[in-house]
Number of protein chains: 2
Amino acid sequence: MRVEIWTDIACPWCYVGKARFDQALAAFPHRDEVEVVHRSFELDPGRAKGDVQPVITMLTKKYGMSEAQAQAGEDNLGSQAAAEGLDYRTRGRDHGNTFDMHRLLHFAKEQGRQDELIQILYRANFAEERSVFTEGDERLVELAVEAGLDAEAVRTVLADPAAYAEEVRADEREAAQLGANGVPFFVLDRTYGVSGAQPAEVFTQALSQAWGERSPLKLVDQGDAEACGPDGCAVPQH
Amino acid sequence: MRVEIWTDIACPWCYVGKARFDQALAAFPHRDEVEVVHRSFELDPGRAKGDVQPVITMLTKKYGMSEAQAQAGEDNLGSQAAAEGLDYRTRGRDHGNTFDMHRLLHFAKEQGRQDELIQILYRANFAEERSVFTEGDERLVELAVEAGLDAEAVRTVLADPAAYAEEVRADEREAAQLGANGVPFFVLDRTYGVSGAQPAEVFTQALSQAWGERSPLKLVDQGDAEACGPDGCAVPQH
């Protein structure tokens, strides 16, 4: 079974929701047969790479919240994160463009290190004092190496803005096609969807339902087909 | 709708089957909403990179055919290919390891050039006198450039045997999970399967059936979810 999770590193509910999903998955009897794929969604795609703001300032400027409202939101997030055993800095975080992180996550997928990298990026953005936005590429290199990636390869990806860009865009187009207008957005075997940081029980229910309805491919025309396999190519007798 | 096609460049029925599928797709009313993804399957994964043989020799040695049988098979393939308007050299082709071509196809996917590259690789392997196996990386660079890829980027991918290797292996594991033991193998929205180079009408039928059964995601718990979107993050009122 395959679970695709559309997410943004700058999305606090994605951080919390992923922890809730992971709890449900860890207790799911068929967890070893579940493949998790992270897919890209940018909350703020129009923001330029160097344009970094304190989160509270972004919330007041972009969404017209009062500073008290913005801080109450962060406090609530802090409590919800703590309830999942996650660290969350409710003051002093900043906000910026996440496109390069999404490109790196696609590179990490190729290397079998995607889940490691996303956990490290979440923790770095939500729990650590150092910014993931203001220290340049070398900060991302450091975090990627921690996830088991090769530093030189990561530098090459970061230095070429086209690398994995099309993969990020394709994920974003697919999110729109699937009707996701917010994240986190979980899709199980392209059949069930879970929108938002729902409680772990909802993920448990979704995993069970999707698992119960797994079905083998329906083959169209089972007749003798001309095909090649490990034992050679079928040579029909005409 | 998404159609995944497991295929090998060394597989003549994949070449013929792809042309039949493309005919069906070209006439399909919803063709603009169909995404085609090529997936990797190696017929001969144990063959070392430099181990190249004439196809007829490979067929007699590996599958114990007589030379006459092997040539009759090639003649039959030539006729079937011609019926689809494809050139096919029935004598003098050679056979080798296709792992690097699969790696390149994954790179091409990222660049939005996968279908272009696969068509060019098929034509090069089945219709052209020059080999895709014996001239080294520069032959593949030349073909990839023809597909619209950047020569330097292609050289970088080819020079690093780990690049996209995990993607190729993941495709191969998935083929096994889906029950594909030969190629071409077509999977429509992970619901319908078509095995082998079936006639175009079978692909038309499969496309129509899969299209008719498309269904929106079933959302588990539609209740108010904590999520972030372009308009900010939901702050539940507790």
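Residues numbered from 1 in each chain as written. Chains lettered and ligands numbered in written order. Predicted model: local features only at pLDDT ≥ 70, side-chain atom pairs only at ≥ 80, totals over all residues. Heavy atoms only, no water.

## What to know about the overall build of chain A
Defined as follows: We count a stretch as a helix when DSSP gives it H or I for four or more residues in a row; a strand needs E for two or more, and each element gets its number in order from the N terminus. Relative accessibility thresholds used throughout: buried, under 20% of the residue-type maximum; exposed, over 50%; partly exposed, between the two (1.4 Å probe, protein chains only). To be clear on the numbers: accessible area is Shrake-Rupley with a 1.4 Å probe, and residue cover counts the displayed protein chains and nothing else. The charged-residue count follows a simple rule in which Lys and Arg add positive charge and Asp and Glu add negative charge, with His and chain termini not counted at all. Taken as the charge centre is NZ of Lys, CZ of Arg, CG of Asp or CD of Glu, depending on the residue.
A count of helices and strands for chain A gives 9 helices and 9 strands. A principal-axis box enclosing the C-alpha atoms of chain A has dimensions of 80 × 40 × 30 Å. Residues classed as buried in chain A amount to 53% of the 238 residues present. Just so you have it, chain A exposes about 10200 Å², and 48% of that area is on carbon and sulfur atoms. Averaging the coordinates of the 24 positive side-chain charges in chain A and doing the same for the 41 negative ones gives two points 4 Å apart.

## Section: the sheet that holds strand S1 (residues 2–7) of chain B
In a beta sheet, neighbouring strands are held together by backbone hydrogen bonds and run either parallel or antiparallel to one another. The cut-off we apply is this: Strand pairing is assigned whenever DSSP detects at least two bridges linking the two strands. Any pair of residues with heavy atoms lying within 4.5 Å of one another is described as a contacting pair. Between the N-to-C directions of two axes lies an angle of 0 to 180 degrees, each axis being a line fitted to C-alpha atoms and, for a helix, fitted only over the stretch in contact.
Strands sit in the order S7(A)-S6(B)-S5(B)-S1(B)-S2(B) across an open sheet of 5 strands; the sheet is mixed. Sheet topology places strand S7 (218–219) of chain A together with strand S2 (35–40) of chain B at the edges, where each strand pairs with a single neighbour. The pairing of S7(A) with strand S6 (residues 192–195) of chain B spans 2 bridges and is classified as parallel. Considered in S6(B), the bridge of Leu219(A) is made with Gly193(B). Relative to S2(B), helix H5 (residues 114–127) of chain B is tilted by about 55°, and along the sheet it contacts S1 and S2 of chain B.

## Here's the deal with the side chain of Asp8(A)
Locating Asp8(A) in the fold gives a position in the loop between strand S1 (2–7) and helix H1 (12–26). Apart from the residues within four sequence positions on either side, Asp8(A) is in contact with Cys14(A), Phe41(A), Glu42(A), Leu43(A), Thr98(A), His102(A), Tyr122(A) and Val183(A).

## As for the interface of chain A and chain B
Short version of the rule: Note on terms: buried area is the combined drop in 1.4 Å-probe accessible area of two parts once they are placed together, counting the loss on both. Here, a salt bridge means any Lys or Arg side-chain nitrogen found within 4 Å of an Asp or Glu carboxyl oxygen. In the analysis that follows, any N or O atom pair within 3.5 Å is treated as a polar contact, provided that within protein one partner can donate a hydrogen and the other can accept it, and provided that, for residues neighboring in sequence, both atoms belong to side chains. Just so you know the grouping, Ala, Val, Leu, Ile, Met, Phe, Trp, Tyr, Cys and Pro go in nonpolar, Asp, Glu, Lys and Arg go in charged, and all remaining residues, Gly too, go in polar.
On the side of chain B, 62 residues touch chain A, which itself brings 61 residues to the contact. Buried surface at the junction of chain A and chain B, both sides included, amounts to about 4700 Å², of which 57% is carbon and sulfur. If you sort the residues of chain A by the area they bury against chain B, Leu217(A), Val220(A) and Glu226(A) come out on top, with a joint share of 15%. In this assembly, chain A and chain B are joined by 4 salt bridges. At the boundary of chain A and chain B, one finds 18 residue pairs in polar contact (both at pLDDT 80 or more). A breakdown of the residues in the side of chain A that touches chain B according to their chemical character gives 29 nonpolar, 17 polar and 15 charged.

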